[in-house]
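Observations on the model geometry
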Amino acid sequence: MQTCINCNLEFSQQESECPGCQKQADPQLNEIVRSGGILALHAKTVQLNKGENKASIEQVIGRNWPIEADSVSYNFIENVELKFKRKNKFHSSYDENSTFVTDPLMKYAKSNASLESFDDLVNALTASLKNELFEVLGSAKSSSIVFTHYKSILGEASLNLGRLLIVMVDKKSGFDFTDDDKLLPKEAEHINLSAMKQAVMIDLQVFHDSFPTKENKPYLKFIRGNSSAEYFRKAFGCVEKIDNGDSLDNLYSAIEEYAVEYKLDSAFESKAYESLDVMLDDLLNDKSRSSFSLEEAGTAIESSSPTSSQLKGTFVTFVNEKEIPINHFIEPTKNQIERQRWFDFSDSSSGIIAKALRPQIGEPHSGEAIEFDEAEGRISWRITDPSLKDRIISMMKKD
């Protein structure tokens, strides 16, 4: 099978023309594009320039970029996708009040991703961007926005609708556009990724499948780069919606996955939980702040290993690359923090209600305070309170 670069339709390798848009197929180019792991579909630049009197906005929507495997256009998509994946992100989804974004997005998601439908999407989202920019025209700067649509071509991911990535960049050495109305990227030896000021990524497949249900998955991700251009985030409906409690739950869960990834033992996991607990204790006792960053949590977790210097920065990278939904900043309540410290052993079928401060659990005869016999499905723990021992012995004799 080959995929049409123009309209994203898959068709037989033997056909010389795409049956969808009747464009001439280029199997050789198609295979080159496939070898990169992602299939670039569309890309386009929009420039919004402030008028001389700072009371108007001049809009220039460029031509669709040439999508070729060896072009600066394709390199941009590959590099920015990787940059976005590695950056700390905020996670969100849309509600019924975001029709200025969701209507054109859903229309595009239901289309065949042709050039014409991509143009319609860019025009609609640019209109939203202009409206927000006009509200802050006095303090905002002119900007260049790049819209790209691409999809993975590996495994089952090749069957989905792909992702829409919208990036605000500066015109700097290493990344620039032609000065005509085409706004095509100039040839460059490298892509100046430091020019990425704001970025939004939308998983079109998850959006298509889940919107507008209340239990939305976080298909909307965004970063805050080296600009305070809040109008950009407003234009694309970027509001943090992943609950702080969910972020905290995912943070604790990520420790086990991280330990597996880096081949760290159970002793590391226990120390990591303790280090995180201490950090959160300090947060509760510090009246000057109420939130912590993912980097702070990563430092506490990494410090629990004897080889912490070798692990520096790896936890945050792990979370970002695995796309675990943890917000860059977390502001938990006291109850949410306390909930993480307790492990619930309750089993309604056995009539047992039991909780313990996050314990270190071992196999039978391991010497741990709590032991679990996997074969028997039994948990046992050491009793140190003399009065409780006496009560238990008395109950056993009575029974």
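Residues numbered from 1 in each chain as written. Predicted model: local features only at pLDDT ≥ 70, side-chain atom pairs only at ≥ 80, totals over all residues. Heavy atoms only, no water.

1. Concerning the confidence of the model for the chain
- When pLDDT is averaged along the chain, the result is 80, and 79% of the positions lie at 70 or above.
- Taking the mean pLDDT of every element in the chain, the minimum, 49, falls on helix 1 (residues 27-34) and the maximum, 94, on helix 3 (residues 99-109). (pLDDT = per-residue confidence, 0-100. Helix = DSSP H or I, 4+ residues; strand = E, 2+ residues; numbered from the N terminus.)

2. Digging into the sheet that holds strand 15 (residues 370-373)
- Strand order across the open sheet formed by 3 strands is 14-15-16, with mixed pairing between neighbours. Only two strands of the sheet have a single partner each, and these edge strands are strand 14 (361-362) and strand 16 (378-381).
- With 2 bridges connecting them, strand 14 and strand 15 associate as parallel partners. Within strand 15, the position partnered with isoleucine 361 by the bridge is isoleucine 370. (Pairing = 2+ DSSP bridges.)

3. With respect to the packing of aromatic side chains
- Enumeration according to the criterion identifies 13 aromatic pairs in this entry.
- Taken together, a centroid distance of 5.4 Å and an interplanar angle of 70 degrees make the contact between phenylalanine 207 and tyrosine 219 edge-to-face. Taken together, the residues phenylalanine 207 in helix 5 (residues 204-210) and tyrosine 219 in the loop between helix 5 and strand 9 (220-224) connect sequence positions 12 residues apart. No difference in accessibility class separates phenylalanine 207 from tyrosine 219, as the two residues are buried.
- Measuring from centroid to centroid gives 5.0 Å for phenylalanine 232 and phenylalanine 236, while their planes differ by 70 degrees, and the two rings are edge-to-face. (Phe/Tyr/Trp six-rings, centres within 6.5 Å; stacked < 30°, edge-to-face > 60°. Buried < 20%, exposed > 50% of the residue type's maximum accessible area, 1.4 Å probe, protein only.)

4. Topic: the environment of proline 332
- Relative to the helices and strands, proline 332 is located in the loop between strand 11 (329-330) and helix 12 (334-341).
- For proline 332, a relative accessible area of 10% corresponds to the buried category.
- Residues proline 332 and asparagine 244, spaced 88 residues apart in sequence, show a C-alpha to C-alpha distance of 5.4 Å.
- Not counting residues up to four positions away in its chain, the partners in contact with proline 332 are Asn244, Leu248, Leu283, Ser290, Phe292 and Ile337. (Contact = heavy atoms within 4.5 Å.)

5. Points about the pairing of strand 6 (residues 143-152)
- The buried fraction of strand 6 is high, at 9 of 10 residues.
- Bridge analysis of strand 3 (residues 38-50) against strand 6 gives 10 bridges, and the strand direction is antiparallel. When the sheet's bridge partners are listed, leucine 39 is paired in strand 6 with lysine 151.
- Taken together, the 7 bridges between strand 6 and strand 7 (residues 163-169) define a ladder with antiparallel strand orientation. Following the sheet pairing, threonine 148 is matched in strand 7 by leucine 165.

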